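Secondary and tertiary structure notes
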Amino acid sequence: MRLPLLALLAKEPAHGYELKLALEQTFGQAYPSPNIGQIYVTLKRLEQDGLVRSEDVEQTTRPNKRVYELTLAGRDALRAWVGAPCDGPRVRDEFFVKLILAPMAGLADRMELMNSQRRHYLGIMRNLTELQADADPADTPARLLIEGAILHLQADLDWLERCQEELV
Amino acid sequence: MRRQRHPPGDDPPVTPRPEGLPAPPAPQNPPGLLRTSKLVKVYRADGVTVEAVRGVDIELAIGEFVAIMGPSGSGKSTLLHVLGGLEPATSGEIWLRGQRVDRLSTAGWAVLRRQHIGFVFQFFNLLSNMTVADNVELPALLAGATPRQARKRREELLAELGIADKAGAAPARLSGGEQQRVALARALANEPSVLLADEPTGNLDSSNTRDVLRLLRRAHAGGQAILMVTHDARIASLADRVINLFDGMVADDAKIVPVSRTVNGVGDFLELRG
């Protein structure tokens with residue numbers, strides 16, 4: 001949550017609720033609607049770390065609101081984040097570890113493990129294909145994220161098949 | 001350990017039943033449309049024996065959509081070809097609509113396919129010297145429809161698949177996605193009892209795959225029974241059941257159960273980091 005908030009504040013100063021709305025508008029359906037409490041807590045920590053500063057802005061009909069803006073240190077942190085490559089392939093190693101270890105311990109049959117994992121993946125895939133069919137065509141971030149998830153899941157299934165070929 | 005969910009047995013075939021045979025016992029649910037028992041396919045060439053299908057018992061109910069997955073060489077395509085009579089079974093039984101069909105002659109299979117089986121392949125297999133319209137009308141004409149009926153059905157199908165404007169074109173002038181839609185129209189032209197599909201999206205890009213996916217979903221919703229070999233989990237996930245074939249045998253056979261879905265939709269599957 002920290003860096004997306006910094007990125008939004010790099011555009012313009014904003015208060016907590018505006019940041020929540022901006023996240024929702026930018027990522028559409030693709031982002032779990034952020035919890036406002038979590039946004040306030042994160043902003044407070046960013047301020048403690050010197051990455052943002054804030055001031056109270058008086059409002060006539062409502063309580064004062066606290067508006068946040070990026071500091072120079074915040075801008076540096078953001079630049080470093082943007083410039084750094086992100087983690088490589090995600091390997092679902094929890095299942096893999098289970099697949100290797102459980103049969104050694106006599107706790108499960110490999111084919112059974114793979115069958116139940118495949119069923120689970122296909123259930124998730126059903127959800128994703130339904131989401132894809134229902135997705136708002138104008139919501140590009142959501143569409144691309146669904147497609148990304150589908151491709152990852154297909155890779156997981158292909159990998160499962162390779163495990164089946166080699167381990168059974 | 002390989003599991004066979006449907007133990008071999010003599011489940012009764014379902015209607016229609018030829019006259020004169022004893023009435024079958026009450027069918028188990030769901031009613032069987034296509035069923036195999038101990039199906040085996042062995043290839044022998046130059047002294048080499050390959051057991052491609054080794055005792056498969058599967059069942060497809062009326063209106064059911066079943067996907068067959070499994071590693072390359074697990075016997076998926078062979079199984080589909082044997083079920084469609086494109087290759088003879090070595091032993092075992094195949095029952096379609098209550099009729100035992102594994103002993104049919106080549107000509108008998110041809111008639112059966114015309115009336116009850118639609119086929120879609122990875123590489124479309126359209127007749128290149130005929131127009132799109134003729135490709136789709138041909139199966140209906142072969143099955144005895146009048147030219148008027150065949151044309152009406154073809155027009156409906158091409159319109160439904162969004163390629164009505166390609167009727168007069170040669171298949172080669174169409175994109176891969178369009179050719180696969182024509183192949184699908186041809187396969188559905190006779191309203192077959194079962195659609196057999198072998199990697200129908202194996203040669204398509206992701207947007208064409210989505211189109212074919214939508215069409216299959218619609219056909220299935222309209223009651224079309226489908227048995228499909230695929231590596232593509234997107235398509236397999238639309239099926240009612242997925243059979244996993246391994247080493248020529250059924251390793252798994254299970255209904256697809258969607259993971260419970262909550263209000264945030266995509267966000268619950270996908271977490272942005274940062």
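The shown structure was predicted, so the numbers you read here are calculated from the model rather than taken from an experiment.

Analysis parameters
- Residues numbered from 1 in each chain as written.
- Chains lettered and ligands numbered in written order.
- Predicted model: local features only at pLDDT ≥ 70, side-chain atom pairs only at ≥ 80, totals over all residues.
- Contact = placed C-beta atoms within 7 Å.
- Helix = DSSP H or I, 4+ residues; strand = E, 2+ residues; numbered from the N terminus.
- Nonpolar A, V, L, I, M, F, W, Y, C, P; charged D, E, K, R; others polar.
- Pairing = 2+ DSSP bridges.
- Axes fitted to C-alpha atoms, helices over the stretch in contact; angles between N-to-C directions.
- pLDDT = per-residue confidence, 0-100.
- Buried ≥ 20, exposed ≤ 12 C-beta atoms within 10 Å, placed from the backbone.
- Domains from an automatic or database assignment.
- Parallel < 35°, antiparallel > 145°, perpendicular 65-115°, else oblique.
- Left-handed = near helix turned anticlockwise from the far one by under 90°.
- Expected span 1.5 Å × (residues − 1).
- Arc of directions from axis to C-beta.

**Here's the deal with the interface of chain B and chain A**
Opposite the 28 residues of chain B that make contact, chain A presents 32 residues. Those elements that provide at least two residues to the side of chain B that touches chain A are helix H7 (233–236), strand S10 (241–246), strand S11 (249–255) and helix H8 (266–269) of chain B. Ranked by the residues each element gives to the side of chain B that touches chain A, the list is headed by H8 of chain B, at 4 residues. Here the side of chain B that touches chain A is composed, by residue class, of 17 nonpolar, 6 polar and 5 charged.

**Observations regarding the sheet that holds strand S1 (residues 14–15) of chain A**
Strand pairing within a sheet occurs via backbone hydrogen bonds; the two strands may be parallel or antiparallel. Residues and elements named next belong to chain A. The 3 strands are arranged S1-S3-S2 in an open sheet whose pairing can be described as antiparallel. On the outer flanks of this sheet lie S1 and strand S2 (52–57), each paired with one strand and no other. Relative to strand S3 (residues 65–70), S2 runs antiparallel, the two sharing 6 bridges. Bridge pairing links Val-57 to Lys-65 in S3. Contacting S1, S2 and S3, helix H1 (residues 2–11) crosses the sheet at an angle of about 90 degrees to S3.

**Quick notes on the confidence of the model for chain B**
Residue and element names in this part refer to chain B. Confidence along chain B averages 84 in pLDDT terms, with 84% of residues attaining 70 or more. Within the model, pLDDT remains below 50 along residues 1–18, and this stretch shows 38 contacts once partners closer than five positions in the same chain are excluded. Note on residues 26–30: pLDDT under 50 across the span, and 6 contacts to partners over four residues away in sequence or across chains.

**Some details on the pairing of strand S4 (residues 65–69) of chain B**
Residues and elements named next belong to chain B. Of all 5 residues in S4, 5 are buried, a share of seventy percent or more. Side chains Phe-65, Ala-67 and Met-69 of S4 all project onto a buried face; the interleaved residues Val-66 and Ile-68 project onto the opposite face, where all are buried too. As defined by bridge partners, S4 adjoins strand S9 (residues 225–229) across 4 bridges and the pair is classed as parallel. Across the sheet, Val-66 pairs through a bridge with Leu-227, a residue of S9. Sheet analysis places S4 next to S10, joined by 4 bridges and oriented parallel.

**A short note on the domain arrangement of chain A**
All names here are of chain A. Partitioning chain A into domains gives domain 1 (2–83) and domain 2 (93–167). In this complex, domain 1 contributes 4 residues to the contact, which on the side of domain 2 involves 6 residues. Across the side of domain 1 that touches domain 2, the residue classes tally to 2 nonpolar, 2 polar and no charged.

**Concerning unusual backbone geometry**
Residue and element names in this part refer to chain B. The phi angle at Lys-38 is positive, at roughly 50 degrees, despite the residue not being glycine. Checked against the element boundaries, Lys-38 lands in strand S1 (residues 32–45). Accessibility expressed as a C-beta count within 10 Å gives 14 for Lys-38, which makes it partly exposed. Despite not being glycine, Arg-97 has its phi angle at roughly 50 degrees, a positive value. As for its position among the elements, Arg-97 is in the loop between strand S5 (91–96) and strand S6 (99–100).

**Details of the environment of Glu-178 of chain B**
Residues and elements named next belong to chain B. Relative to the helices and strands, Glu-178 is located in helix H5 (residues 176–188). Residue Glu-178 is classed as buried on the basis of its 20 C-beta neighbours within 10 Å. Residues Glu-178 and Pro-200, 22 residues apart in the sequence, show an inter-C-alpha distance of 12 Å.

**Some remarks on the packing of helix H3 (residues 132–142) of chain B against H5 of chain B**
Residues and elements named next belong to chain B. It is at 7 Å that the axes of H3 and H5 come closest, and there the two elements cross at 25 degrees. In terms of their interaxial angle, H3 and H5 are classed as roughly parallel. Along this stretch, H3 crosses H5, giving a crossing that reads as right-handed. In this structure, H3 uses Val-132, Asn-135, Val-136 and Pro-139 to contact H5, whose residues at the interface are Val-182, Ala-185 and Arg-186.

**Quick look at helix H3 (residues 36–48) of chain A**
Since the α-helix turns once every 3.6 residues, residues separated by three or four places project in the same direction. Residues and elements named next belong to chain A. Counted at 1.5 Å a residue, the expected span for H3 with its 13 residues is 18 Å, and the 19 Å between its end C-alpha atoms agrees. Among the residues of H3, Ile-39, Thr-42, Leu-43 and Leu-46 are the ones counted as buried. Seen from one end, H3 has its buried residues packed into an arc of 100 degrees, which puts them on one side. Across H3 from its buried face, at more than 90 degrees, point the exposed residues Gly-37 and Gln-48. Next to the buried residues of H3 lie H1, helix H2 (16–27), S2 and S3.

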